[in-house]
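Here is how the chains run, residue by residue.
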Amino acid sequence: MDLLGIVDYLVGFAIMAGIYAVFALGLNVHWGFTGLFNIGIAGFFALGAYTAALLTTSSPDAAQFEDFAFAGNWSNLPLLDWGVDAWYVMGLAAAALCCGLVALPVGYVTLRLRDDYLAIATLGIAETVRLVFLNEKWLANGSKGLYRIPEFLGDVVSPGAYDYLYLPVVLVVLAVVFVAVQTAVRSPWGRVLRAIREDETAAAASGKDVFRFKLQAFVLGAMIMGVGGALFAHHVRFLAPITFDPLLATFVIWAMLMVGGSGNNWGAVLGAFVVWGIWSGTQFLPGPLGEPSFRLFMIGVLIVSVIVLRPGGMLGEERRTARGAPQAQAVGEG
Amino acid sequence: MAATAPILQVQDVVKDFDGLRAVDHCTFDVWPDAITGLIGPNGAGKTTLFNLLSGALAPTSGRIIFDGRRIDGMEMHETFGLGLVRTFQIPREMARMTVLENLMLVPAPQLGERLWASWLTPWRVARQERRIEAQALDALGLVSLSHLANEYAGNLSGGQKKLLELARTLMAEPKMVLLDEPGAGVNRILLRSIASNILRASVERGVAFIIIEHDMQLVMALCDPIVVMANGSVIAQGTPLQVQQDPRVLEAYLGGQIHGAA
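Residues numbered from 1 in each chain as written. Chains lettered and ligands numbered in written order. Predicted model: local features only at pLDDT ≥ 70, side-chain atom pairs only at ≥ 80, totals over all residues.

Draft legend 1. Spotlight on the overall build of chain A. Of regular secondary structure, chain A possesses 12 helices and 0 strands. Across chain A, helices and strands are ordered from the amino to the carboxyl terminus as α-α-α-α-α-α-α-α-α-α-α-α. Sorting the 334 residues of chain A into buried and exposed places 46% on the buried side. (Helix = DSSP H or I, 4+ residues; strand = E, 2+ residues; numbered from the N terminus. Buried ≥ 20, exposed ≤ 12 C-beta atoms within 10 Å, placed from the backbone.)

If you want it as structure tokens, here you go:
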């Protein structure tokens, strides 16, 4: 591989890792701070990606793609003809909104119940979303998938240089999400979430409306996942229901958060780059070592070693100490 | 010492768990200027009654009136909002949060608990946080835990967790506090400090207390009146002296149940 090839690879890698970091931050809001067990990330992932794609993709030439069934084509409406690619930003916002609107009723019916019901419900959403996009062919071309999803600012740069433009876009969105989440969890709002994670009953005895805060956290996390999905759609530019398999759309994100450090936003981002680095880097290993099953095995080894050696992840949760308080030697280890 | 109306009225309250009647037609009043003791043998229904009062459980029948309002069937955060705060028999602390955070959590309503406020007006949230932090440090000082402010609450000893629970109730600026065995597992010196804190809150801040406690020395010294429960029912109430001399109380404590069952 020549130098340019390596740089191209690294840029592509950083884009995917950056997108995964957005998902890991969303999961951190759910699990890391609030203790909500969401094992259906793939559902919000798909919903966000399809929403953004449907809003920005124009239907292809009928002669060339005769069986293309598609309910999108919104971007041809003169509604928002501002010269800039306003539709992409709209798509991003709509993806977040759409995921929030789905998370709201699901959270409303399950968050009062025991924890495990949320897990089952999220698993159910993931499968429902997948089946809707698979079977409702008029919506997004069913199993054949949506293709020709446009490039963000595609008319500015040549297709070959697209990744170099898209990487900063992803990083900017990641930075905005990071700051928003970090601000939120460091505020009294985040303190209530952590209290709920630690002990729901005690949080209620401290006067907190546990259900309301859980619902807010669930919706916020889902919206962030929608943003991640939208970023993904404009990166790979081809979506089919099979894209969102539980392995790469749910499990790997959990691995990232566990490895990086649940309850720590820097950890979520670090975990995304480390785990994606291993997943992506191991494909260059020679012979059977580059097989997907072995690469998955490597991620398994990583998770187990982190859990054994550093149970809190590479960066554990930070202790929020107050400067105004008298300092004392720790009773136990911090 | 002359309160005109009871702050809490428990009227004919019943709680059934499937076949088991844990609380059986309980009726008593609690006065705002008093520290009321709630005693009785194990399994008498005292903690279940606390769960009913605080909103952790809803009664099967009966009425609970707090400060002129019916609260039976309310949720815990709602009764908290009315000024009724409880502690737990086994302390429930947020283990992986610092002692100070455990207390700063409590005051309500907090501006920063609204997501938009922490994003859009962080300076106002920060100002309120400084005030709450000072208040929390004060409360820690009252229970002599200041030196542990930045420690994880999960690392405290059992007795220190009891003190933290007490500090938590002070942070809430309540009208009434339900303490479930504040003295269990606490050494004598710590116990004295807990008792003096309770007394001070009662006298200086006018907080009403109901205390479940098995340490009779503490109960007799601190509480007046005393309500005695056995088998889910209130079997006696009155001053410490009246209760001590009541034959039904002696029977309940010294094996009356065996008599009754035979």
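Draft legend 2. A look at the overall build of chain B. Helix and strand content of chain B: 11 helices and 10 strands. Taking 2.2 N^0.38 as the reference for a compact globule, 262 residues should give roughly 18 Å; the C-alpha atoms of chain B span a radius of gyration of 19 Å, in line with that estimate. Dimensions along the principal axes, computed over C-alpha positions, put chain B at roughly 65 × 40 × 40 Å. By the burial criterion, 46% of the 262 residues in chain B qualify as buried. Within chain B, contacts between residues separated by at least 24 positions form 65% of all contacts whose residues are at least 6 apart in sequence. (Rg over C-alpha atoms; globule rule 2.2 N^0.38 Å. Contact = placed C-beta atoms within 7 Å.)

Draft legend 3. Region of interest: the interface of chain B and chain A. On the chain A side, the residues contacting the 40 residues of chain B number 35 residues. Elements with a contribution of two residues or more to the side of chain B that touches chain A: helix 2 (76-82), helix 3 (99-104), helix 4 (115-120) and helix 5 (122-142) of chain B. Top contributing element to the side of chain B that touches chain A by residue count: helix 5 of chain B, with 5 residues. Residue composition of the side of chain B that touches chain A, by class: 19 nonpolar, 10 polar and 11 charged. (Nonpolar A, V, L, I, M, F, W, Y, C, P; charged D, E, K, R; others polar.)

Draft legend 4. Quick look at the nonpolar core. In this structure, Ala24 and Met256 of chain A together with Ala167 and Val228 of chain B are the most contacted members of the largest nonpolar core, which totals 178 residues. At 16 residues, helix 9 (residues 210-236) of chain A tops the list of elements feeding residues into this core. Per-domain counts for this core show at least three residues from each of domain 1 (8-93 + 172-261) and domain 2 (94-155) of chain B. Once you skip the residues sitting within four places of it in the chain, alanine 24 of chain A turns out to touch Ile253, Met256, Leu257, Gly260, Ala268, Val269, Gly271 and Ala272 of chain A. (Core = buried A, V, L, I, M, F, W, Y, C linked by C-beta atoms within 7 Å. Domains from an automatic or database assignment.)

Draft legend 5. The sheet that holds strand 4 (residues 61-66) of chain B, seen in detail. Residue and element names in this part refer to chain B. Spatially, 4 strands are ordered 2-1-4-5 in an open sheet, and the strand pairing comes out antiparallel. Of all strands in the sheet, those bounded by a partner on one side alone are strand 2 (20-30) and strand 5 (69-70). Examined bridge by bridge, strand 1 (residues 8-17) and strand 2 share 7 bridges and lie antiparallel to one another. What sits directly across from valine 10, in strand 2, is phenylalanine 28. (Pairing = 2+ DSSP bridges.)

Draft legend 6. Region of the structure containing the packing of helix 6 (residues 162-186) of chain A against helix 9 of chain A. Residue and element names in this part refer to chain A. One can describe the packing of helix 6 onto helix 9 by two numbers: an axis separation of 11 Å at closest approach and a directional angle of 180°. The pairing of helix 6 with helix 9 is recorded here as roughly antiparallel in orientation. For the pair formed by helix 6 and helix 9, the contact residues are Tyr166, Val170, Val173 and Val177 on the first element and Ile224, Val227, Leu231 and His235 on the second. (Axes fitted to C-alpha atoms, helices over the stretch in contact; angles between N-to-C directions. Parallel < 35°, antiparallel > 145°, perpendicular 65-115°, else oblique.)

Draft legend 7. Layout of helix 10 (residues 246-260) of chain A. Residues and elements named next belong to chain A. In this model helix 10 runs 20 Å from its N-terminal to its C-terminal C-alpha over 15 residues, within 8% of the 21 Å that 1.5 Å per residue would give. Approximately 30° is the largest bend angle found in helix 10, and it occurs at valine 252. The buried count for helix 10 comes to 11 of 15 residues, which makes it a mostly enclosed element. Every buried residue belonging to helix 10 is among Ala249, Thr250, Val252, Ile253, Trp254, Ala255, Met256, Leu257, Met258, Val259 and Gly260, and all of these are buried. For helix 10, the elements touching its buried residues are helix 1 (3-33), helix 2 (41-56), helix 4 (115-135), helix 11 (265-281) and helix 12 (292-309). One or two positions beyond helix 10, positive phi appears at glycine 261, with a value near 135°. (Expected span 1.5 Å × (residues − 1). Bend = angle between axes of the 7 residues up to and from the residue.)

Draft legend 8. Broad picture of the confidence of the model for chain B. Residues and elements named next belong to chain B. On average, chain B scores 89 in pLDDT, and the residues at 70 or more come to 96%. Segment residues 258-262 is flagged for pLDDT under 50; beyond a separation of four residues in sequence, or across chains, it makes 0 contacts in the model. The ipTM, which scores confidence in the relative placement of chains, is 0.88 for this predicted complex, and the corresponding pTM is 0.90. (pLDDT = per-residue confidence, 0-100.)

Draft legend 9. Spatial organisation of the packing of helix 3 (residues 86-110) of chain A against helix 9 of chain A. Residue and element names in this part refer to chain A. Here helix 3 crosses helix 9 at 145°, and the two axes come no closer than 7 Å. For the element pair helix 3 and helix 9, the recorded crossing hand is right-handed. Residues belonging to the contact of helix 3 with helix 9 are distributed by class as follows: 18 nonpolar, 6 polar and no charged. (Left-handed = near helix turned anticlockwise from the far one by under 90°.)

Draft legend 10. Geometry of the sheet that holds strand 10 (residues 233-238) of chain B. Residue and element names in this part refer to chain B. Spatial strand order, 6-7-8-3-9-10: 6 strands in an open sheet with mixed pairing. Lying at the two open borders of the sheet, with one neighbouring strand each, are strand 6 (84-86) and strand 10. Adjacent strand axes in the sheet meet at a mean angle of 20° when their direction is disregarded. Where strand 3 (residues 35-39) lies against strand 8 (residues 208-212), 4 bridges are found, and the strand directions are parallel. If you follow threonine 36 over to strand 8, its bridge partner there is isoleucine 210. Against the sheet, helix 1 (residues 46-54) touches strand 3, strand 6, strand 7 (176-180), strand 8 and strand 9 (226-230), its axis set at about 150° to strand 7.

Draft legend 11. Up close: the domain arrangement of chain B. In terms of domains, chain B is made up of domain 1 (8-93 + 172-261) and domain 2 (94-155). Placing a centre on the C-alpha atoms of domain 1 of chain B and another on those of domain 2 of chain B gives a separation of 29 Å.

Draft legend 12. Summary view of the pairing of strand 4 of chain B. Residue and element names in this part refer to chain B. Where strand 1 lies against strand 4, 5 bridges are found, and the strand directions are antiparallel. The partner of valine 10 across the bridge, within strand 4, is isoleucine 64. Alignment of strand 4 against strand 5, held across 2 bridges, turns out to be antiparallel. Residue phenylalanine 66 lies in a different strand from strand 5, and its bridge partner there is arginine 69. Taking the residues between adjacent antiparallel strands as the criterion, strand 4 and strand 5 are bridged by 2 residues, where aspartate 67 takes a positive phi near 55°.

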